[in-house]
Amino acid sequence: MSMLEAAHQNDIELEGACEGSLACSTCHVIVMDEEYYNKLPEPTDEENDMLDLAFGLTETSRLGCQVIAKPELEGMRLAIPSATRNFAVDGYVPKPH
């Protein structure tokens, strides 16, 4: 399960406009502890391209849809930036897959 999916299942406001298809940066999260950030796989080129568009980018930024829960990540803390950049047309509502 991704952090985006976990956020949605727990009523945490993490946008995810593209529903995890690596087409936006609205699920941008900041890994609060570098120790946990270093346990994550390297971001793909596609993720890095989307992160370049993210508001408030940091050295430990990732897309929530690309961070997959694993036992070694238990205790990881994430911060949600105060804003997002959503390039979708106003009024756009993503349809479930």
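Structure's up top.
Residues numbered from 1 in each chain as written. Predicted model: local features only at pLDDT ≥ 70, side-chain atom pairs only at ≥ 80, totals over all residues. Heavy atoms only, no water.

Undergrad: Describe the sheet that holds strand β2 (residues 61–63), and please don't skip the residues or the numbers.
TA: Pairing within the open sheet is antiparallel, and its three strands lie in the order β2-β1-β3. The strands lining the two open edges of the sheet, one partner per strand, are β2 and β3 (78–79). In this sheet, β3 lies alongside strand β1 (residues 28–31) in antiparallel orientation, the contact comprising two bridges. Along β3, the bridge assignment pairs Val31 with Leu78. (Pairing = 2+ DSSP bridges. Helix = DSSP H or I, 4+ residues; strand = E, 2+ residues; numbered from the N terminus.)

Undergrad: Before we move on, can you summarise the nonpolar core with the specific residues and values?
TA: One finds Leu4, Ala7, Leu14, Cys27, Val29, Met50, Leu51, Leu63 and Cys65 forming the largest nonpolar core, which totals nine residues. Setting aside chain neighbours within four positions, we find Leu51 in contact with His28, Leu57, Ser61, Arg62 and Leu63. Within the second largest apolar cluster, eight residues are counted, among which are Tyr37, Leu40, Leu73 and Met76. (Core = buried A, V, L, I, M, F, W, Y, C linked by side-chain atoms within 4.5 Å. Buried < 20%, exposed > 50% of the residue type's maximum accessible area, 1.4 Å probe, protein only. Contact = heavy atoms within 4.5 Å.)

Undergrad: Explain the side chain of Glu47 to me, and be specific about the residues and the numbers.
TA: Note on placement: Glu47 falls in helix α3 (residues 45–51). When neighbours within four sequence positions are excluded, Glu47 is seen to be in contact with Leu22, Arg62, Leu63 and Gln66.

Undergrad: Break down a negative patch on the surface for me, with residues and values.
TA: Taken together, Asp45, Glu46, Asp49 and Asp52 make up a surface patch of like negative charges. Inspection of the secondary structure puts Glu46 in helix α3. Judged by relative accessible area, which is 48%, Glu46 ranks as partly exposed. (Patch = residues over 30% accessible without salt bridge, like charges linked within 9 Å, V, L, I, M, F, W, Y side chains within 5 Å. Areas by Shrake-Rupley, 256 points an atom, 1.4 Å probe, with all protein chains shown as cover. Salt bridge = Lys/Arg side-chain N within 4 Å of Asp/Glu carboxyl O. Lys, Arg positive; Asp, Glu negative; His and termini not counted. Charge placed at Lys NZ, Arg CZ, Asp CG, Glu CD.)

Undergrad: How would you summarise the state of the cysteines if you had to cite specific residues and measurements?
TA: Under the defined criterion, the tally for this structure stands at zero disulfides. Take Cys24: it sits in no disulfide, and the sulfur closest to it among the cysteines is that of Cys18, at 3.6 Å. Here Cys65 stays unpaired: no disulfide links it, and the sulfur of Cys27, its closest cysteine neighbor, is 3.7 Å away. (Disulfide = S-S within 2.5 Å.)

Treat this as a map of the structure, not an account of what it does.
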